[in-house]
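# Structural overview for review
The residues making up each chain are set out below.
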Amino acid sequence: MSPRKTHKSFLIACAAIVLLAAILRAADSIEGVQPASIDQPRIYLNLRRAVSGPVLHTADKESASGVEAFLDTGASGIMLSADTVKKLGVKVEKTSAGQEIKFEDTGVAGSDRFGVTEPLFAATARYPNANPENPDDYGKPAGPFRAQIRAAGGLLELISPGMDVAGMPVIIGQVVAMDPTPLAKFDKMRTALLPPGDSRIPKVSRHVPPSLVDFSRFTRIQPAGAPGPQLIANPLIGPDPFKPADTHKPITITHQGKTVSGSFLLDTGAAASMISKDLAQKLGVRVAADGTLPDIPRGKQFELAIGGLGGAKQAHGLFFDRLELPTREKERVIYTKIPLLVSDITVVDQEGKTFTLDGVFGMNNLVASAEITGGLLPDVGKIVDGPFRWIVIDLKQNELGLEPR
């Protein structure tokens, strides 16, 4: 080989290395995510009837006021268990005629009915390191708003007795900061709800801009016109499906050479992620009437019991080739071999018009995740660490902030 040809080959090789490095810098490639997260963010809540009034507490000998609640961007309201309402002496809202108000909402397994509380103020404290009984550990109370009351009993009560949910009314305008590193030591994930501009908010280098979408028209209140719970719009990664001119960039999913895009609910209350049957079928995945995936070999699919509003149901999923998150930066966030349940969340408005979510972007994509098999007492295996050092959800700036490890 001549010296000139050797030099030319060397330059071509160097150019290829530089190009490869640029491609790698332009994308955060994530592989190994498992079907279910091993934790979800939680927060401490305390409640009061007036912004400067006393904190509600139990009346037993060991007086307690702090409520441990899931911090859930997928919940439009705040949900208190019947147990919490009883222990804290929260009043049930009624009409002037003395009739209890009923609120109906829809989730992963259908619709559910709730009672409604009196107007309350809520303050939050970081989890799990704050003292839930020390009022000084809490931030400024927000409100007033009415909460939903989840009835006692049922499958959800069996899975998570006394479960309370701090949804969008306490999150909107604030910044959620999640530190998932304790999960590597099987400890609890650290979560704080901070005011915008707080010096404790971690710095992140990836920013995914969600849209805020109002789903309140898909809920019902009885009797009509009665005061219902406070509902706030939820974040979707992608354009608002009810606003055709919305310019937010969608999530894109590629599988078997086909690509689809959609708006996925950013749901910190979801342990798993899912894609609608319609989008899955557009990607070449056949879905049977019972939700099974007949063309996917048993060894290449998984099954999970997913619970939420409406109870629980079994859902089947598979590992899709690729999912890409839109970011404000040149660097993309790309998941390969990403597990998605194939399941529909369909809501109906009061005119009978239906809407089905394109999918849910859940916590398994953000924190440590695991392979789950079995039913109510599942087996947990193949635990993998999460891809991010910090997760920041800023619902003042409308950004999901991510800092890769």
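Residues numbered from 1 in each chain as written. Predicted model: local features only at pLDDT ≥ 70, side-chain atom pairs only at ≥ 80, totals over all residues. Heavy atoms only, no water.

### Some points on the pattern of salt bridges
Enumeration according to the criterion identifies 16 salt bridges in this entry. Measuring nitrogen to oxygen at the nearest pair gives 3.4 Å for the salt bridge that ties Asp83 to Lys87. Taken together, the residues span about one helical turn, with Asp83 and Lys87 both in helix H2 (residues 82-88) at a distance of 4 residues. Notably, a salt bridge pairs Glu93 with Arg146, separated by 2.6 Å at the nearest N-O pair. Of the two residues, Glu93 is situated in the loop between H2 and strand E6 (102-107) and Arg146 in the loop between strand E9 (142-145) and strand E10 (148-150); the sequence distance between them amounts to 53 residues. Taken together, the shared-partner salt bridges in this structure form one network comprising Asp39, Arg42 and Glu68. (Salt bridge = Lys/Arg side-chain N within 4 Å of Asp/Glu carboxyl O. Helix = DSSP H or I, 4+ residues; strand = E, 2+ residues; numbered from the N terminus.)

### Remarks on unusual backbone geometry
Cis geometry is found at the peptide bond from Tyr127 to Pro128, where omega equals 0 degrees. Within the secondary structure, Pro128 sits in the loop between strand E8 (120-125) and E9. With an omega dihedral of -5 degrees, the bond running from Gln222 to Pro223 counts as a cis peptide bond. Examined against the element boundaries, Pro223 turns out to sit in the loop between strand E16 (220-222) and strand E17 (234-237). Phi is positive for Lys337, close to 50 degrees, though the residue is something other than glycine. The exposure class assigned to Lys337 is exposed, which follows from its relative accessible area of 52%. (Buried < 20%, exposed > 50% of the residue type's maximum accessible area, 1.4 Å probe, protein only.)

### A closer look at the sheet that holds strand E31 (residues 399-404)
The sheet built from 5 strands is open, its strands ordered E13-E12-E30-E31-E14 with antiparallel pairing. Unpaired on one side and paired on the other, strand E13 (190-194) and strand E14 (206-208) mark the two borders of the sheet. The average undirected angle you get between the axes of adjacent strands in this sheet is 15 degrees. Here 4 bridges tie strand E12 (residues 175-179) to strand E30 (residues 388-394), and the two strands are oriented antiparallel to one another. Bridge pairing in E30 places Ala177 opposite Val392. (Pairing = 2+ DSSP bridges. Axes fitted to C-alpha atoms, helices over the stretch in contact; angles between N-to-C directions.)

### As for the packing of aromatic side chains
What the rule picks out here adds up to 10 aromatic pairs. Look at Tyr44 and Tyr127: their rings are 5.1 Å apart centre to centre, the planes differ by 55 degrees, and that puts the pair in the tilted class. Of the two residues, Tyr44 is situated in strand E3 (residues 42-48) and Tyr127 in the loop between E8 and E9; the sequence distance between them amounts to 83 residues. Judged by relative accessible area, which is 11%, Tyr44 ranks as buried. With a relative accessible area of 3%, Tyr127 lands in the buried category. Taking 6.4 Å as the distance between ring centres and 45 degrees as the angle between the ring planes, the aromatic pair formed by Phe215 and Phe218 counts as tilted. Its relative accessible area of 4% is what places Phe218 among the buried residues. Chaining the aromatic ring pairs together yields one cluster made of Phe215, Phe218, Phe242 and Phe355. One cation-aromatic arrangement involves Arg217 over Phe242; the distance from NZ or CZ to the ring centre is 4.3 Å. For Arg389, the ring lying beneath its charged end belongs to Trp390, and the centroid distance is 4.0 Å. (Phe/Tyr/Trp six-rings, centres within 6.5 Å; stacked < 30°, edge-to-face > 60°. Lys NZ or Arg CZ within 6 Å of the ring centre and 35° of its normal.)

### As for the side chain of Gln301
Counting through the fold element by element, Gln301 comes out in strand E22 (residues 301-308). Setting aside chain neighbours within four positions, we find Gln301 in contact with Leu293, Ile296, His316, Gly317 and Leu318. (Contact = heavy atoms within 4.5 Å.)

### So, the nonpolar core
Ranked by size, the top nonpolar core spans 63 residues in total, and within it Ile253, Ile275, Phe320, Leu325, Tyr335 and Phe361 carry the most contacts. In terms of residue count, strand E24 (residues 332-342) provides more of this core than any other element does, 5 residues in total. Leaving out residues up to four positions away in the same chain, Phe320 has contacts with Ile253, Thr254, His255, Ile275, Ala280, Leu283, Val285, Thr336, Lys337, Ile338, Leu340 and Val342. Core analysis: the next-biggest nonpolar cluster, separate from the first, contains 21 residues, Val213, Phe215, Ala270 and Ile306 among them. (Core = buried A, V, L, I, M, F, W, Y, C linked by side-chain atoms within 4.5 Å.)

### Topic: the confidence of the model for the protein chain
Taken residue by residue, the protein chain gives an average pLDDT of 88. The fraction at 70 or more is 87%. Within the model, pLDDT remains below 50 along residues 1-26, and this stretch shows 5 contacts once partners closer than five positions in the same chain are excluded. (pLDDT = per-residue confidence, 0-100.)

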